[in-house]
Amino acid sequence: MYLKNSWYCAGWAKDLADSPISLKVMDKPIVIYRGANGKPIAMDGICPHRFAPLVQGKVQGDDIMCPYHGLVYNKEGQCILNPHADGKIPPNAKVNSYSIVEKDGVLWLWMGDSPSDESLILDTAWLQDDAYAEVTGYLHVRANYQMVMDNLLDLTHAPYLHADTVGGDPELSIGAQLEFSFDVSEDGMIHSNYLVRGMKGPTPLFEPWWGKNPGDFRAEMRWKAASSLELDIRMSPLDAPKTEGIHSPSFHFLVPESETTTHYFYAQAEFSRRAFEDEDEPMIQACQENMTSIDLFANDPAILQSDVAGIQARRMLAKMIKAENQETL
Ligand code: FES
Ligand SMILES: [Fe+2]
């Protein structure tokens, strides 16, 4: 269920200060800390001697010292110092290290064996743009990461689940609109775009900037394997190009912690946190609890036309995971 050769958000750079942090990714605890030049370093977070959590260790330049008996590991995860007795270093006193990159305030972790390619990292430039006052946050979700992907790629839930926050009144917005159009396309990423021409009024989110005036409403979601998503919500004057008016971009970085839990890092400009925390996540968790298998299709789900983007993303990901597993056989 996991794609290893892919970039995953490992958190916000501002949360990685002087002490190490740990994050479980694909069932593995990873320790992350800043080396001598301030660059992040990532490796397996369990010392192979008596399995102490390295996150409690002491950073010494680029190295980290285990908090239990003081073995020291370099940034490649190789034990370089045994302070005891003969000082010999057993051959298995080493842990896996991982590529980790800091870009636009985001930490990106590569869990794969094949060399990491930084050009594959999502473009996050607006996070550094002063024009957007963004809020970053984190949610721990008790559901498989692909359930969260489904949620983001099928925004027809918005007027129902988010009626009071980002969704607006079902009578007024997506689903009830005659001119609602939905378009899915693929170009390496999967795009799931909604357009409501001549929406009678904006969603509550845009009301402070847009008043109760009509306009063209767009919600454009992009998914990039394995599980990074970007959403742009726009309100434009009737029949004007989409670049006119106002928009609110947001990132949704999903990281499989285990088969049934997900780290959800989000960054959003002028947005309502409530929609995710109080509305989406409890719903996704409730859905997951009602499923008999992690594999969605094994539950024989009813498929709606609006599921097409989520299903395409699941298929693309399944193909990539299969190819990756065949490579390693
Ligand atoms: S557990 Fe790490 S040095 Fe003993
Ligand atoms: Fe939602």
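Structure first, text after, so check above.
Just so you know, these numbers come straight off a predicted model, no measurement behind them.

> So what about the overall build of the protein? Which residues, and what values?
Tallying secondary structure elements over the protein gives five helices and 17 strands in all. Here the protein has a C-alpha radius of gyration of 22 Å; the compact-globule value for 329 residues is 20 Å, and the two agree. When burial is assessed residue by residue, the protein has 50% of its 329 residues classed as buried. Pairs at least 24 apart in sequence give 55% of the contacts found in the protein among residues at least 6 apart. Carbon and sulfur atoms form 52% of the exposed surface of the protein, whose accessible area is close to 15600 Å². In the protein, which carries 27 positive and 47 negative side-chain charges, the distance between the mean positions of the two groups comes to 6 Å.

> Kindly report on the pattern of salt bridges, identifying the contributing residues and their values.
Under the criterion given, the structure shown has ten salt bridges. Between R222 and E230 there is a salt bridge, and its shortest N-O distance comes to 3.2 Å. We classify E230 as buried; its relative accessible area is 11%. Put simply, R197, D216 and D239 are held in one network by salt bridges that share partners.

> Pulling in residues and values, what's your account of the sheet that holds strand β2 (residues 21-25)?
Spatially, six strands are ordered β1-β10-β9-β4-β3-β2 in an open sheet, and the strand pairing comes out antiparallel. A single partner strand is all that each edge strand has here, and the edge strands are β1 (7-12) and β2. Adjacent strand axes in the sheet meet at a mean angle of 30° when their direction is disregarded. In the sheet, β2 pairs with strand β3 (residues 28-34) via five bridges, with the strands oriented antiparallel. By the bridge assignment, V25 is partnered in β3 with K28.

> I'd like a rundown of the nonpolar core, residues and numbers included.
Proteins that are soluble and globular tend to have nonpolar side chains buried together. Judged by nonpolar contacts, the single largest core of 72 residues is most densely connected at L109, W223, F253 and Y264. In this structure, L109 is in contact with S6, W7, Y8, A10, V25, I30, A42, Y98, S99 and I100, ignoring residues within four places of it in sequence. Ranked by size, the runner-up nonpolar core spans 14 residues in total, among them L54, I64, C66 and Y73.

> Would you mind going over the coordination of the iron ion (ligand 2) in detail, with residue names and values included?
For the iron ion (ligand 2), every protein donor is listed as H157 (NE2), H162 (NE2), D280 (OD) and D280 (OD), and the spread of their distances is 2.2 to 2.3 Å. Coordination at the iron ion (ligand 2) is irregular, judged from the four donor atoms that bind it and the angles of 58 to 143° they form at the metal. If you list the donors of the iron ion (ligand 2) from N- to C-terminus, the spacing comes out as H-x4-H-x117-D. Linking H157 in the loop between α1 (145-153) and α2 (158-161) with D280 in helix α4 (residues 274-289), this pair joins segments that are 123 residues apart in sequence.

> Help me get a handle on the sheet that holds strand β5 (residues 58-60), residues and values and all.
Read across the open sheet, the four strands follow the order β5-β6-β7-β8; overall the sheet is antiparallel. Edge positions in the sheet fall to β5 and β8 (79-81), since each of these pairs with one other strand and no more. Pairing geometry for β5 and strand β6 (residues 63-65), over three bridges, is antiparallel. Bridge pairing in β6 places V59 opposite I64.

> Explain unusual backbone geometry residue by residue, including any values.
For the peptide bond that leads from A225 to A226, omega is 0°, which places it in the cis range. Structurally, A226 is set in the loop between β14 (215-224) and β15 (228-236). Phi angles above zero are rare outside glycine, and M26 is one such case at about 50°. By secondary structure assignment, the location of M26 is in the loop between β2 and β3. Although it is not a glycine, F51 sits at a positive phi angle of roughly 65°. Tracing the backbone shows F51 in the loop between β4 (40-44) and β5.

> Describe the environment of W209, naming the residues involved and giving the relevant values.
Assignment of secondary structure puts W209 in helix α3 (residues 207-210). In this structure the C-alpha to C-alpha distance between W209 and A219, which are ten residues apart in sequence, comes to 17 Å.

Conventions adopted
Residues numbered from 1 in each chain as written. Chains lettered and ligands numbered in written order. Predicted model: local features only at pLDDT ≥ 70, side-chain atom pairs only at ≥ 80, totals over all residues. Heavy atoms only, no water. Helix = DSSP H or I, 4+ residues; strand = E, 2+ residues; numbered from the N terminus. Rg over C-alpha atoms; globule rule 2.2 N^0.38 Å. Buried < 20%, exposed > 50% of the residue type's maximum accessible area, 1.4 Å probe, protein only. Contact = heavy atoms within 4.5 Å. Areas by Shrake-Rupley, 256 points an atom, 1.4 Å probe, with all protein chains shown as cover. Lys, Arg positive; Asp, Glu negative; His and termini not counted. Charge placed at Lys NZ, Arg CZ, Asp CG, Glu CD. Salt bridge = Lys/Arg side-chain N within 4 Å of Asp/Glu carboxyl O. Pairing = 2+ DSSP bridges. Axes fitted to C-alpha atoms, helices over the stretch in contact; angles between N-to-C directions. Core = buried A, V, L, I, M, F, W, Y, C linked by side-chain atoms within 4.5 Å. Donors = N, O, S within 2.8 Å, 3.2 Å for Na, K, Ca; no water. Tetrahedral: all angles 85-135°; square planar, octahedral: opposite > 155°, others 65-115°.

Remember that the coordinates give geometry; whether it matters functionally is a separate question.
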